[in-house]
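An overview of the molecular structure
This is what each chain is made of:
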Amino acid sequence: FPVTIRSTTAFNAETYTITYKLAGKVEPPVYTCSITDYDASVTLASVSRDDIVNNGAGHYSSITKPLNLNLQCNDNTDVTIKFTATAMSGTDNVIKNNEAGNDNVGFQLFYGGNPVKLNDDKVLLRASGTTPLTFDTYYYYRGSGAVVGGPIKSSAEFLFTYK
């Protein structure tokens, strides 16, 4: 692509043409990631009914377990992660208990000290090489309503996109 340069001198004005040539191919960077390892299941230690109720509304911070996702990405890859799950009624960041009963107890994921909003592409990071991601998992109590003994189980899927 030629570029024209004009002299600003009033007399003897001359025009010069400089031509640039590409010596190689123009290749856009490739951004890609893969998951090299992840926790397929997270099991929290048992909690007593009294402990979770007496803690009040919100996540129960006395018991936590990490959810680990390990990504392998090309340099400077922007990654967005979305957790898809059924939210507890009245919340957007608590995974609903799938077992019958105990509708007032669920699970909450935190990333960087903040609750993860479900069904939303909010966790964004720039990844390069091996990038471990850790999400903290907690019990969550609505703060009102019955809590009975028994299992609490939930499920969530994660979807990550990159560019």
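What counts, and at which threshold
- Residues numbered from 1 in each chain as written.
- Predicted model: local features only at pLDDT ≥ 70, side-chain atom pairs only at ≥ 80, totals over all residues.
- Heavy atoms only, no water.
- Helix = DSSP H or I, 4+ residues; strand = E, 2+ residues; numbered from the N terminus.
- Disulfide = S-S within 2.5 Å.
- Buried < 20%, exposed > 50% of the residue type's maximum accessible area, 1.4 Å probe, protein only.
- Contact = heavy atoms within 4.5 Å.
- pLDDT = per-residue confidence, 0-100.
- 1 Å grid on protein atoms, 1.4 Å probe; cavity = no way out; pocket = protein on both sides within 12 Å on 5 of 7 lines; lining within 4 Å.
- Points joined across faces, edges and corners; volume = space filled by probe spheres on them.

Concerning the environment of Gly112
Within the fold, Gly112 resides in the loop between strand 5 (105-111) and strand 6 (114-115). Sequence spacing of Gly112 and Thr134 is 22 residues, and the spatial spacing of their C-alpha atoms is 8.6 Å.

Notes on the state of the cysteines
By the definition in use, this model includes one disulfide. Paired through a disulfide, Cys33 and Cys73 show a sulfur-sulfur distance of 2.0 Å. Classification of the bridge connecting Cys33 and Cys73 rests on its S-S torsion, roughly 115°, and on that basis the disulfide is right-handed. Placement of the pair is Cys33 in strand 3 (residues 33-38) and Cys73 in strand 4 (residues 58-84), with a sequence separation of 40 residues. The residues Cys33 and Cys73 share a single accessibility class, namely buried.

Quick word on the side chain of Thr77
As for its placement among the helices and strands, Thr77 is situated in strand 4. Discounting residues that sit within four places of it in the chain, Thr77 has contacts with Tyr31, Thr32, Cys33, Leu125, Arg126, Ala127, Tyr162 and Lys163.

A few points about the confidence of the model for the protein
When the pLDDT values of the protein are averaged, the result is 87; 89% of them are 70 or greater. Mean pLDDT values over the elements of the protein span from 50, in strand 1 (residues 2-6), up to 96, in strand 5.

Focus on the layout of surface pockets
For the largest pocket, the calculated volume is near 700 Å³. Lining the largest pocket are 34 residues, and of these Val42, Phe107, Thr137, Lys153 and Ser154 sit closest to its centre. Sorting elements by how many residues they give to the lining of the largest pocket places strand 5 first, with four residues.

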